[in-house]
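# Structural overview for review
Each chain is listed here by its residues.
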Amino acid sequence: MSERRRRSDHPGGGDQRPGGGRPNAHGSPPAGAPAGGAVPGGDELRSDGLGRRRPGGARDTAQQPRMTRAELRKAGQKGGKRGAAEPPAGRGGAQGPGKPGKKRFIDYPRFGKTGVRRWVPSWRLWLSGFLLFFGGGVAAVGVAYANTTVPDIHDLVKEQNNIYYWADGSEMTRKGETNRQIVELSDISVNVQNAVIAAENETFRTDPGIDPKGILRALYNMAKGGQTQGASTITQQYVKNAYLSQEQTLDRKVKEFFITLKINQQMEKNDILKGYLNTSWFGRSSTGIQAAAQSYYGVNAKDVDICQSAMLANLLKGAAVQDPSLSPANHARAESRWKAILDLMVKTKAITAEDRAKCTVFPDPIPRKPAANMNGEVSYLVDTANKFIMAKDKTITQQQIDKGGFKVYTTFEKDKVDALKKAVDDVQAETLNVTKRPELDKFVQVGAASVRPGDGAIVAIYGGPGVENNHYDNNADAKGIPVGSTFKPFVLATAMQNGVLTETDKQGKPARINADSRYLSDDMSEIRKPDGSLVIGDDGKPYRQKNEDSAKRGYISLRQAMQWSYNVPFVQLNQDVGGQNVADMAEKLGLKKETFTDPKTPTFALGTSTPSSIRMASAYATFAASGKEADPYSVTKVEYSGKEKPGFAKPELKQVLDAAVADNITDVLVNVAKNGTGSKSNALGRPVAGKTGTTDQNKSAWWVGYTPQLSTAVSMWREDPSNPGLKTLNGTGGKDSNHGGDTPTDIFTRYMKAALANEKKVNFPTPEPVGSQIDSSGAPSTASPTASPTATETAPPATEAPVVPAPQPTAVVPTCVPGVDCPDSSPSPTATRTRPTPGQSCIPLLTCTSPSPSASTADPTKPGKPTASGAPVP
C-alpha cells in the first residue's frame, strides 16, 4: 500500500481527522462521524468493502501536483523529513494548506514554469544583472582613475645606449646618444604648434582628449587579429609616448584610456601640447621638437618658420618613412604630406592663403651629423642589423630602438668587413679620377655583400664610403639596381629542375634538360612561345631579341651561351619554361618577390628585376650548398633590458633545388669564371663559380661569385643623390664600356683572396647527370660521331661585349664537338667551347657540316615547334 494513500490528512501528523477521532476496535465510526460508515479523511482502501465513501472535498493529489523527477532527486539528496512523495516547501504556493512556501534568492531556473520559459530569465533577473555589471564597471573605472598618477615630464623619456657586437663577441659600437632638450611652450614656434595640431588633431583645443570611435575601432581590429592602429588624439599620443610602451595590445589600450581621462582633467591643453612636443620622436635620434629643429634645420624650435614647421610635423607620421633625406621614395612621400599639412593649416585658419603661397619650394633638411663611432661601414652594419630585428619581431619599432636598451649580437666578421672595404677603396683609387673625368667618374656607387653557404650568415657588407662622407644609404641593401645577366642561372635552374613546356617525358611531365641543349643565338632573332607562335612586342610586331653584338652564331649549347652571356638563348629558354616558373624558382632560392618585374615580359630572363646585393649573394649561396637554401641573417641574439628576446634562432636549411641540379649549375658557372666573361676571377687561385651581369646602356654592372665557403655579390652603378636615376657607366674609369667582368669581378677577387687566406682550397662537388639534351626549334640534327684530334679550344677576352676573332675560312671544321655532339666522348666539367665566328650561319666545331643554308632552318611544316635532337648526353 503506497505512502500517499496512508499518510495523515493533517500536516501535523498523527491519525487525527477533521471530523473526529480514530475508529474503534470494531471498525465503527467514532462519535460524530457522518452516517453511511464513511469516515472523512479515512483510508479508502480499508477492508470495509466497496460500500465506503470518499471523504468530502478534493483529493490530496488534486491540491498537490506530482513532483518532477529532478525535484524528487533533489529532495532525496537533501534528506528532508518529508517522504519521497511529499512536495517541497513552496510547491503550489504552500507548504501545506493555507501556508505560503519559502522563495529562492535567485529564481533560476524559473519556478512554476515549464519548457523553454523555465530557462528564460525574467525581466527582474535581467535588470538585476545589468545593475550589478554596471555598478561593478563604475567601481572599476573609479579605482583605476583614482590610482592613475601623472609623473613629471622630465622623468618620461629615459634613453639608453644600444650595444652591437661582432661575430666573435667583441664590441663593435654603441649607439643611442641622448639628443633631447625639454623646452617650454613659449620657446616653441607657434608655427610648429599650429602645424602639429593641423596634421595630427584638428579639434585638439576643444575635444575631451579621447576619440571613442578610434578606440573602439582599434579594439575591434585587435579582437579579430587585424592590423592595429595608433592613437587618434594628441592627448592619447602624448600618453602613449610618455607613459606606455609602443606595443599594440588590449591591456595597453585600456590603460591609455584611463590615463588620458585623468590627464585631460588635471592638465591644461597647453601643458598637454608641451608634453607631446617634448616627448615625440622625430627621427635622426631626436626626441622632442628642440632636438628635431636642431637636427633637421640647425635652428632652435622657436625660430622654425611655416614651411619648416609643416615638414617637421610630417615626421610624426613615422620618420623612418617620412624623413626626406633617407631615400628618394621618402622624399616624395614627405613632400606630398608637407603640401597637405600646409593646406590643412589654411583650412583651420592657422595661416592665411598668402602665407601658404610663400611655401613653394620644399625645405630640404641639412645633412645629418653622424656620431664618430658610426663612421666607415659601422653605420651600414647597424642599419642592416636593425632592419633584421624589426623584420623578425614586429613589436620592435625604430622608435623603440632609438630609445635604447638593446644588446645586439651580429654575424659580421670584422676582418672580412675590413677586407671588403679595402678591396673597394683600392679598386676605385686605381680606376677613378674625378679631377681628370669630372662627369664620368662622379657619383659611382658600389654595393657588396658576403654570405656563408649552407648557413645564411651575412659575414660582410659594403654599404658605401661612410656617413662621414655624407653617404647614408646602405648600398648593400639597395633595391632598384637591375641585376642583368646574373639572373640567367635562375632560368637554367628552372629548366633543369622543372623541365621545358615544349617536350614531355615518359610520365607526361615537362622534360628536364641539361646544359648541352642547343639554342639559337643569332642577334635579333624572333622569340616563340611554347606552342610555336611568335611573341609579339609592344609595337604589335614579332618581338626580336638583341645580343651585345650583331654576330650570327647559329645554335650553341646553353653552357656556351652562359659562358659568353648571350641573350637570345635565355630569352627563348625563359619562354620554354614559363616566366612565372622562373620567378617562383628565384623566390625559392631567396630573392624577394617584390623586387621582381613582370614575369610575363620577354626580357624577364635578362635581369630586369632589382634584388639587393645581400639577396643575390644569398641566392647563389644556395647553388654552392647543393640546393640548400637558408634565409640570410645578420643577428644571432637580441637582449632588451637584460632579457633575451625570442625568435632569433638560426634559420633552418630548406632543400629547394635538387643537389644534382644545383651542382650542374655550379659546373656551368665554373666555366664562366674560368673561360668566360668572369675570367678575371682566375687570379683568386682556387675553384670559383660565378656570373657577370650588365644592363642596357651599361647602367649597372654585377658579378656574383662563390667558392664552397663563401658567396659574394658586387654591384656597381652611377647615381646622383640629388637627381635620382641611373646614369651610364660608359667612359667611367677611362673605359669605353664597363661590364660585370671588369670592376665588380676585380673587387670580388681582391676581397676573396683576403677573406679566404686562412681557409683551405675546397673543390666543388662533381655533378651527377641531370636531364637530357633537348634542343630548341630549328636546331640541326646531331652530326656523325667523328671527333677531330686537331680541334683546339680558345677563349676570347673576358668581357660581356666579346671581341670576336676574324673569320678563318681555311680552317678545317670537324663534324662534331667532343663532349657535346660526339656520342663516344663525355663532356668534361671544365671543358671550354670554341667561340663561334661572326657572320657565319653555323658554329665552328658544332654545326657547320654543310654549306647549305637549310642546315640551320626550322622545319617549315612545324614553325617554331621544338624537337628533341640526339640522345641524352651522359
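Residues numbered from 1 in each chain as written. Predicted model: local features only at pLDDT ≥ 70, side-chain atom pairs only at ≥ 80, totals over all residues. Heavy atoms only, no water.

Before going further, it helps to examine the overall build of the protein. Across its full length, the protein holds 24 helices and 19 strands. Looking at the protein as a whole, 48% of its 874 residues qualify as buried. If you sum the accessible surface of the protein, you get close to 42100 Å²; carbon and sulfur atoms cover 53% of it. (Helix = DSSP H or I, 4+ residues; strand = E, 2+ residues; numbered from the N terminus. Buried < 20%, exposed > 50% of the residue type's maximum accessible area, 1.4 Å probe, protein only. Areas by Shrake-Rupley, 256 points an atom, 1.4 Å probe, with all protein chains shown as cover.)

At F443, a position not held by glycine, the phi torsion is positive, near 65 degrees. Tracing the backbone shows F443 in the loop between α17 (414-431) and β4 (444-451). For M524, which is not glycine, the phi dihedral falls at a positive 60 degrees. Structurally, the position occupied by M524 is in the loop between β8 (518-520) and β9 (525-526). When its relative accessible area of 38% is taken as the criterion, M524 is described as partly exposed.

Attention now moves to the environment of N498. Structurally, the position occupied by N498 is in the loop between α18 (488-497) and β6 (500-504). Remark: the alpha-carbon pair of N498 and N581, spanning 83 residues in sequence, is separated by 8.2 Å. If we ignore the near neighbours within four places in the chain, the residues touching N498 are P510, R512, N581 and M585. (Contact = heavy atoms within 4.5 Å.)

Another point: the nonpolar core. Counting 110 residues, the largest nonpolar core has F490, L573, F623 and Y751 as its most contacted members. In this view, F623 contacts P489, F490, A493, L589, L657, A662, I665, T666, L669 and Y706; residues no more than four positions away in its chain are not counted. Listed in part, the 48 residues of the second largest apolar core include V183, L273, W338 and F362. (Core = buried A, V, L, I, M, F, W, Y, C linked by side-chain atoms within 4.5 Å.)

This part covers the pairing of strand β19 (residues 723-727). As judged from the 3 bridges shared by strand β18 (residues 711-720) and β19, these two strands associate in the antiparallel manner. Along β19, the bridge assignment pairs D720 with N723. Between β18 and β19, which pair antiparallel and follow one another directly, the connecting turn spans 2 residues. (Pairing = 2+ DSSP bridges.)

Burial of helix α5 (residues 190-200) is extensive: 8 of the 11 residues sit out of reach of the surface. Each element contacted by the buried residues of α5 is listed here: α7 (234-243), α9 (269-279), α10 (289-297), α11 (306-314) and α13 (328-347). The N-capping residue of α5, defined by a side-chain oxygen 3.0 Å from the backbone nitrogen of N191, is S189. (Polar contact = N/O pair within 3.5 Å; in protein donor to acceptor, adjacent residues only side chain to side chain.)

Another aspect to go through is the pattern of salt bridges. Applying the stated criterion to the full structure yields 27 salt bridges. Here R512 and D658 are joined by a salt bridge, their closest N and O atoms 3.0 Å apart. Residue R512 is found in the loop between β7 (510-511) and β8, and its partner D658 is found in the loop between β15 (654-655) and α23 (659-675); the two are separated by 146 residues along the sequence. Three or more residues are tied together by salt bridges with common partners; here these are D383, K387, D477 and K479. (Salt bridge = Lys/Arg side-chain N within 4 Å of Asp/Glu carboxyl O.)

Where strands meet in a sheet, backbone hydrogen bonds hold them as pairs that are either parallel or antiparallel. Read from one edge to the other, the open sheet built from 5 strands follows the order β2-β1-β3-β13-β14, with strand pairing classed as mixed. Either end of the sheet is taken by a strand with one partner, and the two such strands are β2 (171-175) and β14 (643-644). On the sheet, helix α15 (residues 378-392) packs against β1 (162-165), β2, β3 (406-410) and β13 (635-640) and is oriented at approximately 80 degrees with respect to β2. (Axes fitted to C-alpha atoms, helices over the stretch in contact; angles between N-to-C directions.)

The next thing to look at is the side chain of T732. Position of T732 relative to the elements: it lies in the loop between β19 and α24 (743-755). For T732, a relative accessible area of 1% translates into the label buried. Sequence-distant contacts of T732, that is, excluding residues within four places in its chain, are made with L432, L440, D441, V444, M716, R718 and N738.

Next up on the list: the packing of α11 against α13. Packing of α11 against α13 leaves a shortest axis separation of 8 Å and a crossing angle of 115 degrees. You can see that α11 and α13 cross each other, and the crossing is right-handed. On the side of α11, the interface is formed by I306, C307, A310, M311, A313 and N314, while α13 contributes A334, R337, W338, I341, L342 and M345. Residues of the contact of α11 with α13, tallied by class, amount to 10 nonpolar, 1 polar and 1 charged. (Left-handed = near helix turned anticlockwise from the far one by under 90°. Nonpolar A, V, L, I, M, F, W, Y, C, P; charged D, E, K, R; others polar.)

Before going further, it helps to examine the packing of α18 against helix α20 (residues 568-577). Packing of α18 against α20 brings their axes to within 10 Å, and their N-to-C directions diverge by 40 degrees. The angle between α18 and α20 falls in the class oblique. Crossing handedness for the pair α18 and α20: left-handed. Residues K488, V491, L492, T494 and A495 of α18 lie in contact with α20, whose contacting residues are F570, L573, N574 and V577. (Parallel < 35°, antiparallel > 145°, perpendicular 65-115°, else oblique.)

The next subject is the packing of aromatic side chains. Taken as a whole, this structure holds 15 aromatic pairs when the rule is applied. Relative to F362, the ring of W338 has its centre 5.4 Å away and its plane inclined at 90 degrees; by these criteria the two rings are edge-to-face. Pair noted here: W338 is in helix α13 and F362 is in the loop between α14 (353-357) and α15, with a separation of 24 residues, a long-range link. F362 sits in the buried class, given a relative accessible area of 7%. Taking 6.2 Å as the distance between ring centres and 80 degrees as the angle between the ring planes, the aromatic pair formed by F596 and F604 counts as edge-to-face. Among the residues examined, F604 registers a relative accessible area of 0% and is labelled buried. (Phe/Tyr/Trp six-rings, centres within 6.5 Å; stacked < 30°, edge-to-face > 60°.)

This paragraph deals with the confidence of the model for the protein. Of the residues in the protein, 72% have a pLDDT of 70 or more, and the chain-wide mean is 80. Across residues 88-100 the pLDDT falls below 50, and counting only partners more than four positions away or on other chains, this stretch makes 22 contacts in the model. Confidence over residues 783-799 falls short of pLDDT 50; this stretch has 34 contacts with residues more than four positions distant or in other chains. (pLDDT = per-residue confidence, 0-100.)

Right, let's get into the environment of R718. On the secondary structure map, R718 appears in strand β18. Given the relative accessible area of 5%, R718 is considered buried. A sequence separation of 273 residues divides R718 from Q445, and the C-alpha atoms of the two residues are 5.6 Å apart. Residues within four places of R718 in sequence aside, it is in contact with E439, L440, K442, F443, V444, K699, G725, L726, K727, T728, L729 and T732.

Quick look at the pairing of β4 now. When you tally the buried positions in β4, you get 8 out of 8 residues, the bulk of the element. What you see with β4 is no split at all: V444, V446, A448 and S450 on one side and Q445, G447, A449 and V451 on the other are buried throughout. Note that β4 and β18 share 8 bridges and pair antiparallel. By the bridge assignment for β18, Q445 is matched with W717. Relative to strand β5 (residues 458-462), β4 is paired through 4 bridges, and the arrangement is antiparallel. Among the inter-strand pairings, A449 is bridged to a residue of β5, identified as I461. Count of turn residues in the β4/β5 antiparallel hairpin: 6 residues, of which G454 carries a positive phi of about 75 degrees.

The first and last C-alpha atoms of α13 sit 29 Å apart over 20 residues, in line with the 28 Å expected at 1.5 Å per residue. The complete set of buried residues in α13 reads N330, A334, R337, W338, I341, L342 and M345. Seen from one end, α13 has its buried residues packed into an arc of 150 degrees, which puts them on one side. Looking at α13, the residues exposed on the side facing more than 90 degrees away from the buried face are A332 and K347. Packing partners of the buried residues in α13 comprise α5, α11, α12 (319-322) and α14. Just beyond α13, the residue with positive phi is K349, at close to 65 degrees. (Expected span 1.5 Å × (residues − 1). Arc of directions from axis to C-beta.)

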